[in-house]
Amino acid sequence: MKLLILVDRFNVGIFSFSTYIFEHKNESIGYGIFLGEFKNPMIMFENFEDNIIRVSIKETQVQFISDHSHADKEQRQEHYKEFMQFVHSSEKIAAAKVFRGKKMEYLAKSKFLAAMRKIYYEGRE
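Everything quoted here is computed from the prediction, not taken from an experiment.

## Some points on the overall build of the protein
Turning to step 1, where the next piece is worked out: Secondary structure summary: the protein contains three helices and six strands in total.
Turning to step 2, where the next piece is worked out: Reading the protein from its N terminus to its C terminus gives the helix and strand order β-β-β-β-β-α-α-β-α.
Turning to step 3, where the next piece is worked out: By the compact-globule yardstick of 14 Å for 125 residues, the protein fits well, its C-alpha radius of gyration being 14 Å.
Turning to step 4, where the next piece is worked out: Taking all 125 residues of the protein together, 40% fall into the buried category.
Turning to step 5, where the next piece is worked out: Long-range pairs, those at least 24 residues apart, make up 50% of the contacts in the protein with a sequence separation of at least 6.
Turning to step 6, where the next piece is worked out: Total accessible area computed for the protein in this model is approximately 7600 Å², and 49% of it derives from carbon and sulfur atoms.

Here it is, written out as structure tokens:
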């Protein structure tokens, strides 16, 4: 994976996130939300078929956030809302600048959202 363009940076609680347009080894273009210094994106949008963009998440990174967060339940809810606003903004950028004219699967409408929320909320307090 080759990072091509840094699009945005955002902090939620003690965690930092960056969004990048990147290139896979097979030369296809993707868009990812990266957690801190992890080498692979936590949330990735990539071509599944010619006109379909799929979203996927790395549950291990969501678990990392959950395990290392010191936030109480109320703070976790606020952090999650902030993060989802950032994701929504990132999805708009990806749709407009990277995957124009293609059908995108959005995190808010994906099967991953419930799993991600559950992992984060059930972390340590």
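## Examining the packing of helix α1 (residues 59-68) against helix α3 (residues 112-121)
Turning to step 1, where the next piece is worked out: Between α1 and α3, the shortest axis-to-axis distance is 8 Å and the interhelical angle comes to 30 degrees. Relative to α3, the element α1 lies roughly parallel. Here α1 runs over α3; the crossing is right-handed. Mapping the contact onto sequence places E59, V62, Q63, I65 and S66 in α1 and A115, M116, I119 and Y120 in α3.
Turning to step 2, where the next piece is worked out: The class makeup of the residues in the contact of α1 with α3 is six nonpolar, two polar and one charged.

## Describing the sheet that holds strand β2 (residues 15-23)
Turning to step 1, where the next piece is worked out: With mixed pairing, six strands are arranged side by side in an open sheet as β1-β2-β3-β4-β5-β6. Strands with a single pairing partner mark the edges of an open sheet, and in this sheet they are β1 (2-12) and β6 (103-104).
Turning to step 2, where the next piece is worked out: With two bridges joining them, strand β5 (residues 52-57) and β6 adopt parallel strand pairing. Across the sheet, the residue bridging to I53 is M104, located in β6.

## Describing the packing of aromatic side chains
Turning to step 1, where the next piece is worked out: In total, this model carries six aromatic pairs according to the counting rule given.
Turning to step 2, where the next piece is worked out: A ring pair is formed by Y31 and F45, whose centres lie 6.4 Å apart and whose planes are at 50 degrees; its orientation type is tilted. One end of the pair, Y31, is in strand β3 (residues 29-35); the other, F45, is in strand β4 (residues 43-49), and 14 residues separate them in sequence. One exposure class covers both Y31 and F45, and it is buried.
Turning to step 3, where the next piece is worked out: Here the aromatic residues Y20, F22 and F34 are joined through ring pairs into a cluster of three or more.

## So, the side chain of T19
Turning to step 1, where the next piece is worked out: Looking at the element boundaries, T19 is found in strand β2.
Turning to step 2, where the next piece is worked out: If near-sequence neighbours (up to four positions away) are discounted, T19 is found in contact with I5, L6, V7, D8, Y31, G32, I33, F86 and S90.

## As for the pairing of β4
Turning to step 1, where the next piece is worked out: As judged from the four bridges shared by β3 and β4, these two strands associate in the antiparallel manner. Residue Y31 lies in a different strand from β4, and its bridge partner there is F45.
Turning to step 2, where the next piece is worked out: Hairpin connection of β4 to β5: two residues between the antiparallel strands.

Rules behind the numbers
- Residues numbered from 1 in each chain as written.
- Predicted model: local features only at pLDDT ≥ 70, side-chain atom pairs only at ≥ 80, totals over all residues.
- Heavy atoms only, no water.
- Helix = DSSP H or I, 4+ residues; strand = E, 2+ residues; numbered from the N terminus.
- Rg over C-alpha atoms; globule rule 2.2 N^0.38 Å.
- Buried < 20%, exposed > 50% of the residue type's maximum accessible area, 1.4 Å probe, protein only.
- Contact = heavy atoms within 4.5 Å.
- Areas by Shrake-Rupley, 256 points an atom, 1.4 Å probe, with all protein chains shown as cover.
- Axes fitted to C-alpha atoms, helices over the stretch in contact; angles between N-to-C directions.
- Parallel < 35°, antiparallel > 145°, perpendicular 65-115°, else oblique.
- Left-handed = near helix turned anticlockwise from the far one by under 90°.
- Nonpolar A, V, L, I, M, F, W, Y, C, P; charged D, E, K, R; others polar.
- Pairing = 2+ DSSP bridges.
- Phe/Tyr/Trp six-rings, centres within 6.5 Å; stacked < 30°, edge-to-face > 60°.

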